[in-house]
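Fold and geometry: a report
Here is how the chains run, residue by residue.
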Amino acid sequence: MPLPTHLPAPRRLPAAQIPALRWGIFGPGWIAERFVQSLLQHSHQRIVAVGSRTRHHAQAFADNFGIPRAHGGGISALVNDPNVDVVYIATPHNHHFPAALAAINAGKHVLVEKPLALNAQQVQGLAEAAAAKKVLCMEAFWSDFLPKFDVLRQVLADGMLGEVHTLLADHGEFFTPDHRIMDASLAGGPLLDLGTYPVALATKTLGAPTQILAMGEPAPAGVNGQASMLFRHPGGAQSVLNTTLFSQTSNRALIAGSEATLTLPDCFYAPGPFTLTTHDRRQTLHWEEECNRYQQLHHEAEHFAWCVGEGLLQSPVRPLSDTLLTMATLDEVRRQLGIVFNEEKA
Ligand SMILES: NC(=O)c1ccc[n+]([C@@H]2O[C@H](COP(=O)([O-])OP(=O)(O)OC[C@H]3O[C@@H](n4cnc5c(N)ncnc54)[C@H](OP(=O)(O)O)[C@@H]3O)[C@@H](O)[C@H]2O)c1
């Protein structure tokens, strides 16, 4: 079957239907800085408050970005700030669940950095709490909201690949020993930080694995250092995935079908090019864009604001069922590798 002459265009939300929410930032660190920069430069969203464990750190972040209010002493003051509509949580992984629960219980909408929580049980707990309070709780899984991924979803939905048999993806980076990814007390290891991208790609594209095989290698710091995963999906498709904190890997992905193959070079999960090539290599379509990475974080925030404006309690792009599937899959990988986080120990 020939490919169309052009790739589908990314679908944009109508600007008039994206309300300017009042955001409170919790965990003013590395990713929060990039999130705020992107929102300030590329959206009409309003950053009205920041919360931290220490007043001093909150104030320094507020001063840096011209944010009107700074709250110290943890999450409490931020979630009780009446001027805040939505709390964005950007602390280390194991602090996501308690912070998100506090925000939900205070009646705030909450956008939580990936991973939403440590395991499927925590995700389920947040889903139930958010449903009871009628607030939106969404994982800040930024890839899903990039225009590039909207095009990819349309390519897959239109059946341009034919029958998909194989998905390959890896995400590996070199980290120094002082990074939080090396810290077992912060639920370190590559799986929740990096591995979540290839696992989410596989589960969203091919469905819940019917079989999972995992092999891991510990890092000297006392966390898992690398994991390779093999999934079998309904219908017999297979995913071959790897994640590591020992070295920089290709960070590529490939989704291969009977009619055509999608190749996502370099950081597959981030803005950047991809190609779609027919199996006879006679036709190729290219998606071209700058690899401007974190500048595109505003898409997830604008999607979130649109959901709130529309009164949606689940994102149609990344509903909590997607997050749950990713986490349940990672839970099984961790079970096979014997990785138990401190919070899960009796
Ligand atoms: N979307 C993406 O591309 C992306 C990229 C990187 C990270 N992330 C995710 O974002 C989250 C934060 O990552 P990051 O690298 O930005 O983290 P980080 O800079 O190391 O920490 C973020 C903030 O959390 C607070 N914090 C640090 N250590 C803590 C501890 N032991 N206990 C409680 N709070 C602590 C600190 O704020 P205070 O001291 O002010 O309280 C810190 O500024 C992670 O879950 C990660 O997976 C996402």
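Residues numbered from 1 in each chain as written. Predicted model: local features only at pLDDT ≥ 70, side-chain atom pairs only at ≥ 80, totals over all residues. Heavy atoms only, no water.

Looking at an unreviewed UniProt entry, one finds the protein named Oxidoreductase, with Chimaeribacter californicus as its source organism. Quoted verbatim from the Sequence similarities (unreviewed entry) field of UniProt, the annotation for the protein is "Belongs to the Gfo/Idh/MocA family." (UniProt positions renumbered as here; feature names shortened; annotations may be inferred.)

Read across the open sheet, the 8 strands follow the order S8-S9-S10-S7-S11-S12-S13-S14; overall the sheet is mixed. For this open sheet the edge positions go to strand S8 (211–218) and strand S14 (284–287), each flanked by a neighbour on one side alone. Neighbouring strand axes in the sheet, compared pairwise and without regard to direction, differ in orientation by 10 degrees on average. Here 7 bridges tie strand S9 (residues 224–232) to strand S10 (residues 238–244), and the two strands are oriented antiparallel to one another. Bridge pairing in S10 links Met-229 to Leu-241. (Pairing = 2+ DSSP bridges. Helix = DSSP H or I, 4+ residues; strand = E, 2+ residues; numbered from the N terminus. Axes fitted to C-alpha atoms, helices over the stretch in contact; angles between N-to-C directions.)

It is worth spelling out the domain arrangement of the protein at this point. Domain parsing of the protein yields domain 1 (15–142) and domain 2 (144–299 + 313–344). On the domain 2 side, the residues contacting the 30 residues of domain 1 number 35 residues. Together domain 1 and domain 2 conceal approximately 3100 Å² of surface at their shared face, both sides included; 68% is due to carbon and sulfur atoms. Three residues stand out in domain 1 for area buried against domain 2, namely Leu-118, Phe-141 and Trp-142, and they jointly supply 30% of the buried area on that side. Here domain 1 and domain 2 share 2 salt bridges between them. (Domains from an automatic or database assignment. Contact = heavy atoms within 4.5 Å. Buried area = accessible area lost by both parts, 1.4 Å probe. Salt bridge = Lys/Arg side-chain N within 4 Å of Asp/Glu carboxyl O.)

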